[in-house]
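The residues making up each chain are set out below.
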Amino acid sequence: MTRPTIATPFPPPPGARAYALRTDRGEFAVVDSPVAAGVEPRGVALLLPGFTGSKEDFHRMHAPLAVRGYRSVAVDGRGQNESDGPVEDESPYAQVELARDVLAQAAALDAPVHLLGHSLGGQIARAAVLLDHSPFVSFTLMSSGPGEISESQKQRVKLLHDALAVMSMPQVWAAILAMGPPEEVGGPAHGFGKLDQMRLRWLNHKPAQLLATGRQLYAEPDRVGELAAVPLPMHVLSGARDDTWPVPLLDAMAVDLDAHRTVVPGAEHSPNLDKPLPTAHALADFWDRSH
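So, how was this worked out
Residues numbered from 1 in each chain as written. Predicted model: local features only at pLDDT ≥ 70, side-chain atom pairs only at ≥ 80, totals over all residues. Heavy atoms only, no water. Axes fitted to C-alpha atoms, helices over the stretch in contact; angles between N-to-C directions. Helix = DSSP H or I, 4+ residues; strand = E, 2+ residues; numbered from the N terminus. Parallel < 35°, antiparallel > 145°, perpendicular 65-115°, else oblique. Left-handed = near helix turned anticlockwise from the far one by under 90°. Contact = heavy atoms within 4.5 Å. 1 Å grid on protein atoms, 1.4 Å probe; cavity = no way out; pocket = protein on both sides within 12 Å on 5 of 7 lines; lining within 4 Å. Points joined across faces, edges and corners; volume = space filled by probe spheres on them. Nonpolar A, V, L, I, M, F, W, Y, C, P; charged D, E, K, R; others polar. Salt bridge = Lys/Arg side-chain N within 4 Å of Asp/Glu carboxyl O. Buried < 20%, exposed > 50% of the residue type's maximum accessible area, 1.4 Å probe, protein only. Core = buried A, V, L, I, M, F, W, Y, C linked by side-chain atoms within 4.5 Å. Pairing = 2+ DSSP bridges.

A.B. asks: How would you explain the packing of helix H1 (residues 59–67) against helix H11 (residues 276–289) if you had to name every residue and give the values?
C.D. replies: One can describe the packing of H1 onto H11 by two numbers: an axis separation of 9 Å at closest approach and a directional angle of 45°. Classed by the angle they form, the pair H1 and H11 counts as oblique. In this structure, H1 meets H11 at a crossing whose hand is right-handed. From H1, Arg60, Met61, Pro64 and Leu65 reach across to H11, where they touch Pro276, Leu277, Thr279, Ala280, Leu283, Ala284 and Trp287.

A.B. asks: Residue-level account of empty space enclosed by the protein, with values.
C.D. replies: Taken as a whole, this structure holds one cavity of 30 Å³ or more when the rule is applied. Approximately 130 Å³ is the volume attributed to the largest cavity. If you go around the largest cavity, you meet 14 residues; those closest to its centre are Gly77, Arg78, Gln80, Val102 and Ile124. Only helix H2 (95–109) and helix H3 (120–131) provide two or more residues apiece to the lining of the largest cavity. Residue contributions to the lining of the largest cavity peak at four residues, all from H2. Grouping the constituent residues of the lining of the largest cavity by class yields seven nonpolar, five polar and two charged.

A.B. asks: Now, about the pattern of salt bridges: what can you tell me, with residues and values included?
C.D. replies: Scanning the model with the defined rule gives 23 salt bridges in all. Linking Asp57 and Arg201 is a salt bridge whose minimum nitrogen-to-oxygen distance equals 2.9 Å. A residue pair is termed long-range when its members are at least 10 positions apart, and Asp57 in the loop between strand E3 (43–48) and H1 and Arg201 in helix H6 (residues 195–204) qualify at 144 residues. The pair Asp57 / Arg201 is uniform in exposure class, with both members buried. Between Arg126 and Glu220 there is a salt bridge whose closest N-O contact spans 2.7 Å.

A.B. asks: How would you sum up the environment of Asp24? Please name residues and give values.
C.D. replies: The residue Asp24 is located in the loop between strand E1 (17–23) and strand E2 (26–33) in this model. When the C-alpha positions of Asp24 and Gln105 are compared, they lie 8.4 Å apart, and in sequence the two are 81 residues distant.

A.B. asks: Before we move on, could you go through the nonpolar core and cite the residues and values that matter?
C.D. replies: Counting residues in hydrophobic clusters, the biggest one holds 56 residues, and the most contacted among them are Leu46, Leu115, Phe136, Trp202 and Leu257. Of all hydrophobic cores here, the second largest spans 18 residues; its members include Phe58, Leu116, Ala280 and Phe286.

A.B. asks: Go over the packing of H2 against H3 with me, naming the residues and quoting the values.
C.D. replies: Across the interface, H2 lies against H3 with an axial gap of 8 Å and an inter-helix angle of 75°. Comparing the axis directions of H2 and H3 gives the class roughly perpendicular. For the pair H2 and H3, the contacting residues are Gln95, Val96, Leu98, Ala99, Arg100, Val102 and Leu103 in the first and Gln123, Ile124, Ala127, Ala128 and Leu131 in the second. Each residue belonging to the contact of H2 with H3 can be placed in one class, and the counts come to nine nonpolar, two polar and one charged.

A.B. asks: Would you mind going over the sheet that holds E1 in detail, with residue names and values included?
C.D. replies: Taking strand neighbours across the sheet as the criterion, the eight strands line up as E1-E2-E4-E3-E5-E6-E7-E8 in an open arrangement whose pairing is mixed. The sheet terminates laterally at E1 and strand E8 (260–264), the two strands that pair on one side only. Between one strand axis and the next, the sheet turns through 25° on average, direction left out of account. For E2 and strand E4 (residues 70–75), the ladder comprises four bridges, and the chain directions are antiparallel. Paired with Val30 across the strands is Val75, a residue of E4. Packed on one face of the sheet, helix H9 (residues 247–257) meets strand E6 (136–142), strand E7 (234–239) and E8 and runs near 170° to E7.

Listed below in structure tokens is the structure:
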């Protein structure tokens, strides 16, 4: 079925389409990049962004994945950027509800899926895999650790929560800018576009989504033991430096999961933005072995 392309202030990269993916749990904004012309299709990847992030965080990886034979579909989760969600009611953002959204997204793609979650997206993806691993052929945790975030990141999330309790989203954005670069003071991660696009993405996020998922990052239990029992090929990928989950913690998690491990030189918490080409190649190499 041909899906209508949506008008968006966040243009997709060349060759990709932006549209609303229809699922049994509503519509989700996606960027869908097909396999490159003349390349044999090797699989489909579903890419989940992190806290305050969006589907645009994967823009720079679509083209290298397409050349390797992978259709890649990056999605805004419920209440993220261009996907709708309640403004004040936090209950639809409970982790189990977001996990069910992921299962619905995978079902709508109607193909076996290589699942990847970045940071918060990794923890939501993990919850989906623990609910039902059958739609997936592999699972990659990108810069996403075994449990709660580091103490320094907890302080950043707390600052954001305190601000959202007393200020509007535009007021919080102005406060973030007054403190310094947004990615350094608890605001949206750097990367996909100019400051006006980052501001619009911030304003598109639903406050209830930020509040609910921020609390999840604060209190996420270690579920590595549960995940280790899931019969899927697993991959732990990160940059060489990470302030949210220290790299040695990610190393140990990979051992506990018997997972393939990739450390991307020169990258930090967002390898997809810092070093998209080696990150895409590492993913495709892993997926090639996971069929």
